[in-house]
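Below, each chain spelled out in residue letters.
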Amino acid sequence: MLPQIAFLGAGNMATAMITGLIAQGFAPAQLRACDPSEDALLRLEAAGLTQLSTSPESLFADVDLAVLAVKPQVVPNALSSIGHELSAGAALLSIAAGIPISSLRRHVETDVAVIRCMPNTPAMIGLGASALYAGGDVKGEHRALAEQVTNAAGTTVWVASEDLLDAVTAVSGSGPAYFFALIEAIARAGAELGLDEKVAMSLTLQTAMGAAALAQQSDDGVAKLRENVTSPGGTTEQALLSLQSNQFEAIVSEAVRQCAARAAALGKEFG
Ligand SMILES: NC(=O)c1ccc[n+]([C@@H]2O[C@H](COP(=O)([O-])OP(=O)(O)OC[C@H]3O[C@@H](n4cnc5c(N)ncnc54)[C@H](OP(=O)(O)O)[C@@H]3O)[C@@H](O)[C@H]2O)c1
């Protein structure tokens, strides 16, 4: 029997994961979704899904994996609507930011395996970076199924403790916003130097993509790649010296640290 996966919430992230799973060979008949929005369901109907509903009724009863893909503030109500239906052999994968496993557990049967995921928005174009955490009680088959779901929207790493998801939030969960801020700042500076705004943005975006792809594909580490473009006395060195004298590394480090602290505080509020 092929594994059955049902999504509670069929918004941006769920749709990206579902289309990714189909592209990776999952049959639409293995996938189900529930969402109050007819439009969201119509998009999935176009992708081939037939088990779609505006109400969770009976959609989750015999699934191997339920994916919780609603906004954090509606998690308690949404999860309570399926908690009694999930069988003891099922697993719950929550992509809802910041909600601890202990809090999720209050809305499901205690035997249901619970896995937490911290995704990021590039998942919407299949380039996400997700981190997963599961307790030692979660079986290998459930871990593998959860990983298939997150791999369908990008790459996946596992972390060894739930607390580390706060660090993941600070690096990759919120990370796209740091890069957007940097892209905006570079493009704006380019425009101030006289470039057409669109040209400055286009050059900056291609440079960001090129630098990330080069770093991923190269055998050299990122530090070596940086050194390779930094000739002594040259232009890049001048820019990096300016960043250094303005405490660039300390500023970034503090921002990432504050993000992790905020993630931990929000987790306690939910917990
Ligand atoms: N780290 C990150 O940056 C990051 C990135 C993306 C997502 N996430 C997490 O991923 C989760 C999903 O995000 P998203 O962007 O996909 O959100 P989304 O596009 O808003 O999708 C959520 C969907 O769930 C529906 N919904 C609301 N209440 C429901 C219920 N009781 N039962 C079933 N469906 C319900 C919503 O319908 P209505 O619109 O009609 O309410 C909406 O279609 C969030 O919890 C978010 O925290 C994190």
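Residues numbered from 1 in each chain as written. Predicted model: local features only at pLDDT ≥ 70, side-chain atom pairs only at ≥ 80, totals over all residues. Heavy atoms only, no water.

A.B. asks: Tell me what's going on with the sheet that holds strand β3 (residues 51-53), and back it up with residues and numbers.
C.D. replies: Taken together, 8 strands build an open sheet; the order of strands is β3-β2-β1-β4-β5-β6-β7-β8 and the sheet is mixed. Both edges of this open sheet fall to β3 and β8 (154-158), since each of them pairs with a single strand only. Between one strand and the next, the sheet's axes are offset by a mean angle of 20°, whatever the strand orientation. Pairing between strand β2 (residues 31-34) and β3: 3 bridges, direction parallel. In the strand pairing of β3, Cys 34 is matched with Ser 53. (Pairing = 2+ DSSP bridges. Helix = DSSP H or I, 4+ residues; strand = E, 2+ residues; numbered from the N terminus. Axes fitted to C-alpha atoms, helices over the stretch in contact; angles between N-to-C directions.)

A.B. asks: Explain the site of the ligand residue by residue, including any values.
C.D. replies: Around the ligand, the structure places 21 residues, and the nearest of them are Asn 12, Met 13, Asp 35, Val 70 and Pro 119. Residue Met 13 places a main-chain N or O atom 2.8 Å away from an oxygen atom belonging to the ligand. Note that an oxygen atom of the ligand is positioned 3.4 Å from one of the side-chain N or O atoms of Lys 71. Looking at the shell around the ligand residue by residue, the class counts come to 14 nonpolar, 5 polar and 2 charged. (Near = heavy atom within 4 Å. Polar contact = N/O pair within 3.5 Å; in protein donor to acceptor, adjacent residues only side chain to side chain. Nonpolar A, V, L, I, M, F, W, Y, C, P; charged D, E, K, R; others polar.)

A.B. asks: Can you lay out a nonpolar patch on the surface for me, pointing to particular residues and giving the numbers?
C.D. replies: A cluster of nonpolar side chains, Met 124, Ile 125 and Leu 127, forms an exposed patch at the surface whose accessible area comes to about 350 Å². Residue position: Met 124 is located in the loop between β6 (113-118) and β7 (128-134). (Patch = residues over 30% accessible without salt bridge, like charges linked within 9 Å, V, L, I, M, F, W, Y side chains within 5 Å. Areas by Shrake-Rupley, 256 points an atom, 1.4 Å probe, with all protein chains shown as cover. Salt bridge = Lys/Arg side-chain N within 4 Å of Asp/Glu carboxyl O.)

A.B. asks: An account of the domain arrangement of the chain is needed here, citing residue identities and associated values.
C.D. replies: Domain annotation for the chain reports domain 1 (5-165) and domain 2 (173-267). Taking only C-alpha atoms into account, the centre of domain 1 sits 33 Å from that of domain 2. (Domains from an automatic or database assignment.)

A.B. asks: So what about the pairing of strand β5 (residues 91-94)? Which residues, and what values?
C.D. replies: Side-chain direction in a regular strand flips from residue to residue, so the side chains alternate between the two faces of the sheet. With burial as the criterion, each face of β5 is covered, one bearing Ala 91 and Leu 93 and the other bearing Leu 92 and Ser 94. Assessed by its sense of winding, the connection that carries the chain from strand β4 (residues 65-68) through helix α3 (residues 75-83) to β5 is right-handed. Note that β5 and β6 share 4 bridges and pair parallel. In the strand pairing of β6, Leu 93 is matched with Ile 115. (Buried < 20%, exposed > 50% of the residue type's maximum accessible area, 1.4 Å probe, protein only. Right-handed = clockwise from strand over helix to strand, strands pointing away.)

A.B. asks: Lay out the pairing of β7 in plain terms, naming residues and giving numbers.
C.D. replies: The buried fraction of β7 is high, at 6 of 7 residues. As paired strands, β7 and β8 are joined by 5 bridges and run parallel to one another. In the sheet register, Gly 128 faces β8, and the bridge partner there is Gly 154. In this region the chain leaves β7, passes through helix α5 (residues 140-151) and returns to the parallel neighbour β8; the handedness of that crossover is right-handed.

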